[in-house]
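Topology and contacts: notes
Each chain is listed here by its residues.
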Amino acid sequence: MTRKGRVGLNRPMARPSFLSGLTAALIVCATAAWPQAIQQVPYETLEQELGALIDFENYPKRASPGRALEGTQVFEGARIAERFRGQLVAQEAGFDALLLAPQSPLTLEPGAPGQNLAVEFIFFMSNQLMGIAPPGFPKRNGGGEGAVSILFDRDQSALGFRVTAEPEPKTPAPKGWIEVAFYRRDGTLIDTAEVELEWMLAGYGFRRSDGAEDIAGISITNRDPQGVMIDDVIFDRDRVVGWLISEP
């Protein structure tokens, strides 16, 4: 996670043009006509419903800058890397941005050496995962600013994770945000959710509006002044249902 000032967030606001105003109006109308496919729900609610947890505690506890993770990381029920095959990683003000659509079937692709993932132990808390953007590990100004993508073994209808976002120690910078893109197994986009972050560790939950179990994977990018770290990924409602059915 970086320790630097805001990057690219102090630009003067451009005067809106007629076309931009028209575009905004059309987006508002489209949003009203087409409800979002993904709803944000309390993380604590999903904790009671979902049975699988990835907490990254299987890695050695190493303080900053942590431990670099190369290649795709395999967990029970899911795998994690930088992006999906077909996506292009670009840089926007020092942050990873994912361009283009994933290819079918949805398949993970790790980042370049030193620009994939890392795990860092946060004192008094836990091991937490971060995406690494250029200039790469172990440089601090790329930690927490890279993309993170998760591919689930089974399609999901709901999932959640916690995010650590630290306030800028010297500058009263506003809160940052994350964007989560939700994909089907064939790589088609279900929806995206842009979420304003709370300070320090907070949970964020997401659920398919119609209950469909078709979320095969997600990509997480952010625009937080100091980068973000991810922890406690929860998913797999079917496991809980299986437990309930198997009980005498």
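Described below are features of the structure shown in this document. (Residues numbered from 1 in each chain as written. Predicted model: local features only at pLDDT ≥ 70, side-chain atom pairs only at ≥ 80, totals over all residues. Heavy atoms only, no water.)

**Some points on the packing of aromatic side chains**
- Taken as a whole and assessed by the stated rule, the structure comprises 7 aromatic pairs.
- Measuring from centroid to centroid gives 5.7 Å for Phe-56 and Phe-75, while their planes differ by 85 degrees, and the two rings are edge-to-face. Here the residue Phe-56 occupies a position in the loop between strand S2 (52-54) and strand S3 (67-69), and Phe-75 occupies one in strand S4 (residues 73-75), the gap between them amounting to 19 residues. The same class applies to Phe-56 as to Phe-75, namely buried.
- When the ring of Tyr-59 is compared with that of Phe-75, the centres are 6.3 Å apart and the planes differ by 75 degrees; the resulting orientation is edge-to-face. With Tyr-59 in the loop between S2 and S3 and Phe-75 in strand S4, this residue pair connects regions lying 16 residues apart in the sequence. (Phe/Tyr/Trp six-rings, centres within 6.5 Å; stacked < 30°, edge-to-face > 60°. Helix = DSSP H or I, 4+ residues; strand = E, 2+ residues; numbered from the N terminus. Buried < 20%, exposed > 50% of the residue type's maximum accessible area, 1.4 Å probe, protein only.)

**Observations regarding the pattern of salt bridges**
- Counted by the stated rule, this structure contains 12 salt bridges.
- Measuring nitrogen to oxygen at the nearest pair gives 2.7 Å for the salt bridge that ties Arg-85 to Glu-109. Of this pair, Arg-85 sits in the loop between strand S6 (83-84) and strand S7 (88-92) while Glu-109 sits in strand S9 (residues 108-109), and the two are 24 residues apart along the sequence.
- One salt bridge connects Arg-208 with Asp-214, and the closest N-O pair in it is separated by 2.8 Å.
- Its relative accessible area of 15% is what places Asp-214 among the buried residues.
- In this structure, a network of salt bridges that share partners links the residues Arg-184, Arg-208, Asp-210 and Asp-214. (Salt bridge = Lys/Arg side-chain N within 4 Å of Asp/Glu carboxyl O.)

**Quick look at the nonpolar core**
- Counting 37 residues, the largest nonpolar core has Leu-159, Phe-161, Phe-182, Phe-206 and Ile-218 as its most contacted members.
- Among the nonpolar cores identified, the runner-up in size contains 8 residues, and Ala-81, Leu-108, Leu-151 and Tyr-183 belong to it. (Core = buried A, V, L, I, M, F, W, Y, C linked by side-chain atoms within 4.5 Å.)

**Brief notes about a nonpolar patch on the surface**
- Among the surface-exposed residues, Phe-123, Phe-124, Met-125, Trp-199, Met-200 and Leu-201 lie close enough to one another that they form a single nonpolar patch of about 670 Å² accessible area.
- Here Leu-201 lies in strand S16 (residues 200-208).
- Here Leu-201 falls in the partly exposed class, since its relative accessible area comes to 36%. (Patch = residues over 30% accessible without salt bridge, like charges linked within 9 Å, V, L, I, M, F, W, Y side chains within 5 Å. Areas by Shrake-Rupley, 256 points an atom, 1.4 Å probe, with all protein chains shown as cover.)

**Quick word on the sheet that holds strand S14 (residues 177-183)**
- One open sheet holds the 6 strands; their spatial order is S4-S5-S12-S17-S14-S15, and the pairing between them is antiparallel. Two strands close off the open sheet at either side, each with one partner strand: S4 and strand S15 (189-196). Sheet twist, expressed as the mean angle between neighbouring strand axes with direction ignored, is 20 degrees.
- The pairing of S4 with strand S5 (residues 78-81) spans 3 bridges and is classified as antiparallel. Pairing of Phe-75 across the sheet is with Ala-78, part of S5. (Pairing = 2+ DSSP bridges. Axes fitted to C-alpha atoms, helices over the stretch in contact; angles between N-to-C directions.)

**Observations regarding the environment of Thr-107**
- Tracing the backbone shows Thr-107 in the loop between strand S8 (95-99) and S9.
- Sequence separation between Thr-107 and Arg-85 is 22 residues, and the spatial gap between their C-alpha atoms is 5.6 Å.
- In this structure, Thr-107 is in contact with Arg-83, Phe-84, Arg-85 and Leu-151, ignoring residues within four places of it in sequence.
- In this structure the side chain of Thr-107 is engaged in a polar contact, spanning 2.9 Å, whose partner is the backbone oxygen of Pro-105. (Contact = heavy atoms within 4.5 Å. Polar contact = N/O pair within 3.5 Å; in protein donor to acceptor, adjacent residues only side chain to side chain.)

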